[in-house]
Amino acid sequence: MQYPLTVRDFLDRAVQVYPDRVAVVDEPDQPGPSLGELDYRRVGELAAAQAARLDALGVPEGGRVAVVSQNAARLFTSFFGVSGWGRVLVPINFRLTRPEIEYIVGHSGASVVYADPSCTGVLDGLDVPHKFVLGDDDALYLPGVEPRPWSEPDESATATVNYTSGTTARPKGVQLTHRNLWLNATTFALHAGIGDRDVYLHTLPMFHANGWGMPYGVTGMGGRHIVLRQVDGAEILRRVERHGVTLMCAAPAVVNAVLDAAADWEGEIPGRDRVRVICAGAPPPTRTIERILEELGWEFIQIYGLTETSPLVTVNRHRSEWDGLAVGERARRLARAGVPALGVRVDLDVDGEVLTASNHNLAGYWEQPEETAKAQAGDWFHTGDGGYFDDEGYLVITDRKKDVIISGGENVSSIEVEDALTAHPGVREAAVIGTPDEKWGELVTGLVVADDGVTAEELIAHCRTRLAGYKCPKRVEFVESLPRTATGKLQKFRLREPYWAGKERRIN
Ligand code: AMP
């Protein structure tokens, strides 16, 4: 007998085993009405009421439902209310501009779009049958009506499509199945040691690779979710104190914000010997890790992964062999991406590109069979990251072979920014590279050949009309020409070199 693994399992268990527990504490301060504290029984009711509403709207199984929202309890319940009844959730980065969102909605074929009250502007021009503002609960939920059961629950069915900027000018939709999400969430929970006493602070945007699967894993184990709408170092410390937080996931830029806030914090830093922080997106400097261990007294866990891998690929967590080591030595060991997670195979090709194979690698890129075939050639997923295994068998990521910049934990496609820059009439050529930056990890930097009189401010303002703020160049430099190969290909490594001289790795 084989039962399909579906995301409903996480919700159903929580509702059955922990109905009266506080499941979610919604952001108290938000533009719409906060849902306050919800127990798991209520989360189950809301998810069912959302599914019943989608039935009433005539959204079929497999139909796409997009959500544009900051972290919020209503986004959280959508992970179950949409996918749990066989529909496909498309979580969209709320920082994107209207044309970018329009593209994703159109490409995914979503027939329903929910938007946070602060993002209602994006709904205006959208050509979709059903548009709702989160918080308008009469439109979102149909309470008291039993939703139509998913006719044939199938673990190979697509549960979410997550758009991510990559190697193409437009973002690609990463198609993740129920099986992908189930196995990522449980494997991750095993490595992070998630249990029913965990209080999980949502410092990571839920739209980003489905919050790395934590909305599922923490729910299945009966943990508590604390919603955080906006990242702010001091506020993170206050929530850790107020809610007894034990776990969070964060890009290095978020960890830096917490460390900055800790320097001004009066009294004992909350969460000492209790909080574990899971970090990915970029390799955090050893010194940052050392400060987390020393100044915060929090456990530091590094993972490496991508949206395409749901995301878990490798894990680096303190192991018993390191118990007697000095803090600096422990930090140095934790600065590596890690060792393969359970059930994940990792290898390198001849050029040092990291390859992975696991049961939580993507099913494909939504309606892009050629891109899918390229990324999965030879039955390995090609990550586009470069690295090596050190003498202890730990993977170290040193380089990005794909043309992607990671700034503040979010992917930026260089090509997309180059397209925006060259759309300016005064720009003849543009190359976009990442340059190392203390705060953001990497800074989107445009190198531009332009007509006389064109200014950097003008070009940045021009990009802002087309791209989300975090994708726009923070720095623009004017050059006479751009180095190219004989076949006309831009030699980006030559452009990057002066900015990265003296650094061990070519990512930050
Ligand atoms: P995303 O799909 O937006 O989650 O971005 C995935 C990319 O983030 C990977 O391909 C890597 O380039 C980068 N990344 C994630 N985790 C790490 C890590 N621990 N060290 C270095 N780079 C990382």
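As annotated in an unreviewed UniProt entry, the chain carries the name AMP-binding protein and comes from Streptodolium elevatio. Of the comments in the UniProt record for the chain, the one headed Sequence similarities (unreviewed entry) reads "Belongs to the ATP-dependent AMP-binding enzyme family."

J.: Could you clarify how one ought to interpret the overall build of the chain in this entry?
T.: Scanning the chain for helices and strands turns up 16 helices and 25 strands. For 508 residues, the compact-globule estimate of 2.2 N^0.38 gives 23 Å, and the C-alpha radius of gyration of the chain, at 22 Å, lies within 12% of that figure. Seen through its principal axes, the chain has C-alpha atoms that stretch 65 × 60 × 50 Å. Counting only residues that meet the buried cut, the chain has 61% of its 508 residues in that class. Sequence-distant contacts, at least 24 apart, represent 68% of the contacts inside the chain between residues at least 6 apart. When the accessible surface of the chain is totalled, it reaches about 20,400 Å², and 48% of it is carbon and sulfur. Between the mean site of the 53 positive side-chain charges and the mean site of the 71 negative ones, the chain shows a separation of 1 Å.

J.: Which parts of the structure should I look at to understand the packing of aromatic side chains?
T.: Two aromatic rings, taken as a pair, are described by how far apart their centres are and by the angle between their planes. One pass over the full model with this rule turns up 8 aromatic pairs. Look at F94 and F207: their rings are 5.9 Å apart centre to centre, the planes differ by 80 degrees, and that puts the pair in the edge-to-face class. Here F207 lies in the loop between β9 (199–202) and α8 (214–220) and F94 lies in the loop between β4 (88–92) and α4 (98–108), a separation of 113 residues in the sequence. Among the residues examined, F207 registers a relative accessible area of 7% and is labelled buried. Taken together, F10, F76, F79, F80, W182 and Y216 form an aromatic cluster joined through their ring pairs. A cation over an aromatic ring shows up here: R8 above the ring of W85, its NZ or CZ 4.2 Å from the ring centre. Here K172 stacks its cationic end above the ring of Y365, 4.9 Å away from the centre of that ring.

J.: Before we go on, may I ask you to explain the site of the ligand in this structure?
T.: Of all residues adjacent to the ligand, which total 17 residues, the nearest are Q302, I303, T307, D385 and K402. For the ligand, a nitrogen atom lies 2.9 Å from a polar atom in the backbone of I303. Between an oxygen atom of the ligand and a side-chain N or O atom of K402, the distance comes to 2.6 Å. Considering the ligand on its own, with 500 Å² of exposed area, one finds that the protein chains cover 96% of that surface. Those elements that place two or more of their residues in the shell around the ligand are β13 (299–305) and β20 (395–400). Element by element, the count of residues in the shell around the ligand is highest for β13, at 4 residues. For the shell around the ligand, the per-class residue count stands at 8 nonpolar, 6 polar and 3 charged.

J.: Looking at this model, I keep getting lost on the environment of P153. Mind explaining?
T.: Residue position: P153 is located in the loop between α6 (137–140) and β7 (158–164). Residue classification places P153 among the partly exposed residues on the basis of a relative accessible area of 41%. Residues P153 and V277 lie 124 residues apart in sequence; the distance between their C-alpha atoms is 34 Å. Among residues more than four places away in sequence, those in contact with P153 are P4 and T6.

J.: Is there a simple way to explain the packing of helix α1 (residues 8–17) against helix α2 (residues 40–57) in this structure?
T.: When two helices pack together, their arrangement is captured by the angle between the axes and the distance separating the axes. Where α1 contacts α2, the axes come no closer than 8 Å and their chain directions differ by 135 degrees. Relative to α2, the element α1 is oriented oblique. As α1 runs across α2, the sense of the crossing is left-handed. Between α1, through L11, A14 and V15, and α2, the contact on the second element is made entirely by Y40, V43, G44 and A47. Of the residues belonging to the contact of α1 with α2, the class tally is 6 nonpolar, 1 polar and no charged.

J.: Would you take a moment to explain the sheet that holds strand β23 (residues 427–437) for this structure?
T.: Hydrogen bonds between backbone groups are what pair the strands of a sheet, and the pairing can be parallel or antiparallel. Spatial ordering of the open sheet is given by β23-β24-β25, a layout of 3 strands whose pairing is mixed. A strand with exactly one partner marks an edge of an open sheet, and here the two such strands are β23 and β25 (475–478). Neighbour-to-neighbour, the strand axes of this sheet turn through a mean angle of 25 degrees, independent of strand direction. As paired elements, strand β24 (residues 441–450) and β25 share 4 bridges and run parallel to each other. When the bridges of β25 are listed, G446 appears paired with V476. Sitting on the sheet, helix α15 (residues 456–464) touches β23, β24 and β25, and the angle it makes with β25 is about 130 degrees. Along the sheet, helix α16 (residues 492–500) contacts β23, β24 and β25; its crossing angle with β23, the most-contacted strand, is approximately 40 degrees.

J.: Before we go on, may I ask you to explain the packing of helix α11 (residues 286–296) against helix α12 (residues 327–334) in this structure?
T.: One can describe the packing of α11 onto α12 by two numbers: an axis separation of 8 Å at closest approach and a directional angle of 125 degrees. One way to sum up the angle between α11 and α12 is to call them oblique. Considering only the axes of α11 and α12, their crossing is right-handed. Contacts from T286, I289, E290, L293 and E294 in α11 reach V327, G328, R330, A331, R332 and L334 in α12. In terms of residue class, the contact of α11 with α12 is built from 5 nonpolar, 2 polar and 4 charged.

Quick notes on the rules
Residues numbered from 1 in each chain as written. Predicted model: local features only at pLDDT ≥ 70, side-chain atom pairs only at ≥ 80, totals over all residues. Heavy atoms only, no water. UniProt positions renumbered as here; feature names shortened; annotations may be inferred. Helix = DSSP H or I, 4+ residues; strand = E, 2+ residues; numbered from the N terminus. Rg over C-alpha atoms; globule rule 2.2 N^0.38 Å. Buried < 20%, exposed > 50% of the residue type's maximum accessible area, 1.4 Å probe, protein only. Contact = heavy atoms within 4.5 Å. Areas by Shrake-Rupley, 256 points an atom, 1.4 Å probe, with all protein chains shown as cover. Lys, Arg positive; Asp, Glu negative; His and termini not counted. Charge placed at Lys NZ, Arg CZ, Asp CG, Glu CD. Phe/Tyr/Trp six-rings, centres within 6.5 Å; stacked < 30°, edge-to-face > 60°. Lys NZ or Arg CZ within 6 Å of the ring centre and 35° of its normal. Near = heavy atom within 4 Å. Polar contact = N/O pair within 3.5 Å; in protein donor to acceptor, adjacent residues only side chain to side chain. Nonpolar A, V, L, I, M, F, W, Y, C, P; charged D, E, K, R; others polar. Axes fitted to C-alpha atoms, helices over the stretch in contact; angles between N-to-C directions. Parallel < 35°, antiparallel > 145°, perpendicular 65-115°, else oblique. Left-handed = near helix turned anticlockwise from the far one by under 90°. Pairing = 2+ DSSP bridges.

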